[in-house]
Amino acid sequence: MKFEEMLLKRESCRAYQDRAVSREDLLKICEAGRLTPSGCNAQPWKFMIVDESEARAKMCDALTVEGGKTGAPWGKSCPAFIALVEQKADVKPLVLDYYKDSQVFAQGDIGMACMNMCYQAMELGLSTCVIGLNDQQKMESSFGIPEGARVRMVLAIGYSAEKNTMRPKIRKSLDEIVCINKWS
Ligand SMILES: Cc1cc2nc3c(=O)[nH]c(=O)nc-3n(C[C@H](O)[C@H](O)[C@H](O)COP(=O)(O)O)c2cc1C
């Protein structure tokens, strides 16, 4: 599939078939994350695969925050997740001196890794949905994620159960988001 076609065809999936995703495929998706560029090549990430039944139940719980709110009410149908966890970034002295913040690029880096992982999944015939909301404390207690290693996003991965449902892409127009040579 050409890249432009992938851009148009990728969409978030919120209903999955009852079909496991192979470990091999999940590792390939992590490999796409691993190869992602990052500020100062700091690679401030760790990818946690969650594909066993008990761990998946814990993940669904950790995706539910105070008051029972969740970005993934459909999570139980999903056969696999990969949590993208922010690690301490070892950035160049120049960057640290200027920003006084070693993590200044880390969230952007993780977003880029996540996108590469989505497209790798797509090439493998899998569908994905990024889940932004999670309870960090539950992540720490359920999975032993150390304090300070923030789960920035969780990627839900599986075979889509949504049939012929290509939704229209609701996006701002190019005019609204592009300006040329000066701000307008
Ligand atoms: C950082 C981030 C967080 C997101 N969190 C959620 C979420 O919690 N639940 C959900 O169903 N979709 C979530 N999404 C998916 C977006 O709603 C979706 O990408 C957007 O509406 C565009 O639709 P599309 O992905 O189908 O093109 C998230 C996407 C991103 C990038």
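Every residue gets a number counted from 1 within its own chain, in the order that chain's sequence is written. For this predicted model, a pLDDT threshold of at least 70 governs which residues receive local features, and a threshold of 80 or more governs which side-chain atom pairs are given and counted, while totals over whole chains, interfaces and linings are taken from all residues.

Caption draft 1: Representation of unusual backbone geometry within the structure. A positive phi angle, close to 55°, is found at N41, a residue other than glycine. Backbone geometry places N181, a non-glycine residue, at a positive phi of 65°. Elements are defined by DSSP. Helices are runs of H or I of four residues or more, strands are runs of E of two residues or more, and each kind is numbered from the N terminus. Following the sequence through the fold, N181 ends up in the segment after α7 (174–177). Residue burial here comes from a neighbour count, namely the number of other C-beta atoms, placed from the backbone, that lie within 10 Å of the residue's own C-beta, with 20 or more meaning buried, 12 or fewer meaning exposed, and in between meaning partly exposed. On the neighbour-count criterion, N181 (5 C-beta atoms within 10 Å) is exposed.

Caption draft 2: Fine view of the packing of helix α2 (residues 23–34) against helix α5 (residues 106–123). Viewed as axis vectors pointing N to C, α2 and α5 meet at an angle of 145°, and their least axial separation amounts to 8 Å. As α2 runs across α5, the sense of the crossing is right-handed. Each of K28, I29, A32 and G33 in α2 lies in contact with α5, whose residues at this interface are A113, N116, M117, Q120 and A121. Here the term charged refers only to Asp, Glu, Lys and Arg, the term nonpolar to Ala, Val, Leu, Ile, Met, Phe, Trp, Tyr, Cys and Pro, and the term polar to all other amino acids, Gly among them. By residue class, the composition of the contact of α2 with α5 is five nonpolar, three polar and one charged. Convention adopted: a line fitted to C-alpha atoms gives each axis, helices being fitted over their contacting stretch, and angles between N-to-C directions are expressed from 0 to 180 degrees. Crossing chirality is assigned from the near helix's rotation relative to the far helix, an anticlockwise turn below a right angle marking it left-handed and a clockwise turn marking it right-handed. We call two residues in contact when their backbone-placed C-beta atoms lie within 7 Å.

Caption draft 3: Geometry of the environment of C114. Tracing the sequence through the fold places C114 in helix α5. Ignoring anything within four residues of it in the chain, the contact list for C114 reads L84, V130, M153 and L155.

Caption draft 4: Looking closely at α5. The span expected for a helix works out to 1.5 Å for each residue beyond the first. With 18 residues, α5 extends 26 Å between its outermost C-alpha atoms, agreeing within 8% with the 26 Å of an ideal straight helix rising 1.5 Å per residue. Among the structural elements, α2, β1 (45–50), β4 (80–86), β5 (127–131) and β6 (151–158) are those in contact with the buried residues of α5. Just beyond α5, the residue with positive phi is G125, at close to 85°.

Caption draft 5: Structural view of the nonpolar core. Working definition: the nonpolar core is a set of buried Ala, Val, Leu, Ile, Met, Phe, Trp, Tyr and Cys residues, joined through C-beta atoms within 7 Å. Formed by 41 residues in total, the largest nonpolar core has its most connected members in F81, I82, L84, L155 and I157. When residues in this core are grouped by element, the largest group, seven residues, is from α5. Those residues within four positions of I82 in sequence are excluded, and the remaining contacts are L26, I29, C30, F47, M48, I49, M117, L155 and I157.

Caption draft 6: Up close: the site of the ligand. In this analysis a residue is considered near a molecule or strand if the C-beta atom, reconstructed from its backbone, is found within 6 Å of that molecule or strand. Inspection of the region around the ligand gives E11, S12, R14, G71, A72, C129, V130, I131, G132, L133 and M153 as its neighbouring residues. Classifying every residue of the shell around the ligand gives six nonpolar, three polar and two charged.

Caption draft 7: Examining the pairing of β4 more closely. For β4, the buried fraction is high: six of the seven residues fall into the buried class. Here a strand pair is declared whenever DSSP counts at least two bridges between the two strands. In this sheet, β4 lies alongside β1 in antiparallel orientation, the contact comprising six bridges. The partner of M48 across the bridge, within β4, is A83. Sheet analysis places β4 next to β6, joined by six bridges and oriented antiparallel. Paired with A83 across the bridge in β6 is V154.

Caption draft 8: Region of the structure containing the sheet that holds β6. Across the sheet, which stays open at both edges, the four strands sit in the order β1-β4-β6-β5 with antiparallel pairing between neighbours. Each edge of the open sheet is held by one strand with a lone partner, namely β1 and β5. The average angle at which neighbouring strand axes cross in this sheet is 20°, direction not considered. Across the sheet, α2 touches β1, β4 and β6, and the angle it forms with β1 is around 165°.

Caption draft 9: Expanded view of α2. In this model, α2 (twelve residues) spans 16 Å end to end at C-alpha, consistent with the 16 Å of a helix rising 1.5 Å per residue. Regarding α2, the residues found buried are L26, I29, C30, A32 and G33. One side of α2 holds all its buried residues, which, seen down the axis, span an arc of 150°. Opposite its buried face, α2 presents the exposed residues E24 and L27, each directed more than 90 degrees away. In the core, the buried residues of α2 are packed alongside β1, β4, α5 and β6. Starting at the helix axis, one direction is taken to each C-beta atom, and the arc is that of these directions.

Nothing here speaks to function; it is geometry throughout.
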